[in-house]
Amino acid sequence: MRAFDIQKPDSGLREAIQRKIDHLNKPKGSLGRLEELAMQLCLIQQTLTPELNHPCHLLLGADHGVEREGVSVSPREVTWQQMINFTKGGGGVNMFCRQHNFTLKIVDVGVDHDLSDIDGVRNRKIANGTANFLYEPAMTVEQMDEAINIGAELVDECIAEGSNIICVGEMGIANTSPSSIWMSLFENIPLIECVGAGAGLDNEGIRHKYDVLRRSVEQFSKLMGNEASVEDTIRYFGGLEMVAAIGAMLRAAERKITVMVDGFIMSACALAAIRLYPAAFDYMVFGHQGDEGGHARMLSAMNARPLLSLGLRLGEGTGALCSYAIIESAVRMIREMNNFDNAKITKYF
């Protein structure tokens, strides 16, 4: 897998940023999370006047071999059907991208359907979905490397277009399954506590999903023993869209731009990225705590504080996109609010 050079943001400006925030004409700390966000964005951009330029949303689509085991209430064909729907502007992701003026890039990295003739879908297909990890690794080393590189290249493209903030979303039926396994293995949390309803499984469906994932982890453990690396775990269970998302997150951190993280699946990708490069965490803004079982615990394990908790479980990056207005408010706060001196207001603390 390609190496990334990811450094924590230089903290040399921290005191100056804090003085500016504290001197805005408001009670100290009264804008709460907005002040924390402003600090994070200032450190990422190394400035006291951060800005948000040309926001881009990467919508990555792929299918999963484990879907064949009935672990999702949605059938496989929904992946390609939704990918086409996105090109027509009819998805939830389209609505929120329009609302917040995001450039939407729809990318096929592993959909089990020929989308090559569909205008609006970028063809970066690696395979027609992954292998079934109940029986074998989801992807080869070469496929994992290609997915990482695709995600990184997409970020480079966004930056070349003027972007300094990206959001990543996914479309892939059954991708809560590898997310649950990554959560369990990376955080040493019992698998039963990581498995939820996905797109809407009933209790019996959740029990079946857990059984399939349990057997998959047992098979992985037999093959890998205690020698499994983070890369091994990513490759064995991950979806091509998820690994591309990891590549995008890592490249964004390497190039020192902000990454907006969505719900359960994208948080699992962020978790994997952080396991590879811990400093990537400092470039991430966690937009939304989703309704999938285990997401709150996953976020807590990463010490990640989501901006919103709206009960969403659509995926596509929609929860993170909803949080963009809050990020924008943090930027406006530090750029546009007057300070005590200019406003001729007595500073009373």
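Residues numbered from 1 in each chain as written. Predicted model: local features only at pLDDT ≥ 70, side-chain atom pairs only at ≥ 80, totals over all residues. Heavy atoms only, no water.

**Points about the overall build of the protein chain**
When helices and strands are tallied, the protein chain shows 14 helices and six strands. Every one of the 349 residues in the protein chain was classed for burial, and the buried ones make up 55%. Within the protein chain, residue pairs in contact and separated by at least 24 positions form 76% of the contacts whose partners lie at least 6 positions apart. As displayed, the protein chain offers around 14,100 Å² of accessible surface, 46% of which is attributable to carbon and sulfur atoms. (Helix = DSSP H or I, 4+ residues; strand = E, 2+ residues; numbered from the N terminus. Buried < 20%, exposed > 50% of the residue type's maximum accessible area, 1.4 Å probe, protein only. Contact = heavy atoms within 4.5 Å. Areas by Shrake-Rupley, 256 points an atom, 1.4 Å probe, with all protein chains shown as cover.)

**Focus: the side chain of Ser 323**
Positionally, Ser 323 belongs in the loop between helix H12 (318-322) and helix H13 (324-336). Discounting residues that sit within four places of it in the chain, Ser 323 has contacts with Met 260, Gly 287, Leu 307 and Leu 308.

**A short note on the packing of aromatic side chains**
Evaluation of the coordinates by the stated rule reveals eight aromatic pairs. Residues Phe 220 and Phe 237 carry aromatic rings whose centres are separated by 5.0 Å and whose planes lie at 65° to one another, so their mutual orientation is edge-to-face. With Phe 220 in helix H7 (residues 203-224) and Phe 237 in helix H8 (residues 230-237), the pair connects residues that are 17 residues apart, well separated along the chain. The burial state of Phe 220 is the same as that of Phe 237; both residues are buried. Taken together, the ring pairs in this structure connect Phe 133, Phe 220, Tyr 236 and Phe 237 into an aromatic cluster. (Phe/Tyr/Trp six-rings, centres within 6.5 Å; stacked < 30°, edge-to-face > 60°.)

**Considering the sheet that holds strand S4 (residues 165-171)**
The parallel open sheet is built from six strands, whose spatial order is S3-S2-S1-S4-S5-S6. Every interior strand has two partners, whereas the edge strands, strand S3 (121-123) and strand S6 (284-286), have only one. Strand-to-strand, the axes of this sheet are offset by a mean angle of 30°, without reference to chain direction. For strand S1 (residues 56-62) and strand S2 (residues 103-110), the ladder comprises seven bridges, and the chain directions are parallel. Within S2, the residue paired with Leu 60 across the bridge is Val 107. (Pairing = 2+ DSSP bridges. Axes fitted to C-alpha atoms, helices over the stretch in contact; angles between N-to-C directions.)

**Focus: the layout of surface pockets**
To find leftover empty space, a probe the size of one water molecule is rolled over the atoms. Of the volumes computed, that of the largest pocket is approximately 530 Å³. Of all the secondary-structure elements, those providing two or more residues to the lining of the largest pocket are helix H1 (14-23), helix H2 (32-45) and S6. When residues in the lining of the largest pocket are grouped by element, the largest group, seven residues, is from H2. Partitioning the lining of the largest pocket into residue classes produces 11 nonpolar, four polar and seven charged. If you add up the space inside the second largest pocket, you get close to 460 Å³. If you trace the second largest pocket, you find 31 residues lining it, with Asn 175, Ile 265, Arg 313, Leu 314 and Gly 315 closest to the centre. (1 Å grid on protein atoms, 1.4 Å probe; cavity = no way out; pocket = protein on both sides within 12 Å on 5 of 7 lines; lining within 4 Å. Points joined across faces, edges and corners; volume = space filled by probe spheres on them. Nonpolar A, V, L, I, M, F, W, Y, C, P; charged D, E, K, R; others polar.)

**Some thoughts on the pairing of S4**
Taking burial as the measure, the seven residues of S4 include seven buried ones, the bulk of the element. Bridging between S1 and S4 involves six bridges; their strand directions are parallel. Directly across from Cys 56, in S4, lies its bridge partner Ile 166. Across three bridges, S4 lies against strand S5 (residues 258-261) in parallel orientation. Across the sheet, residue Ile 166 finds its bridge partner in S5, namely Val 259.

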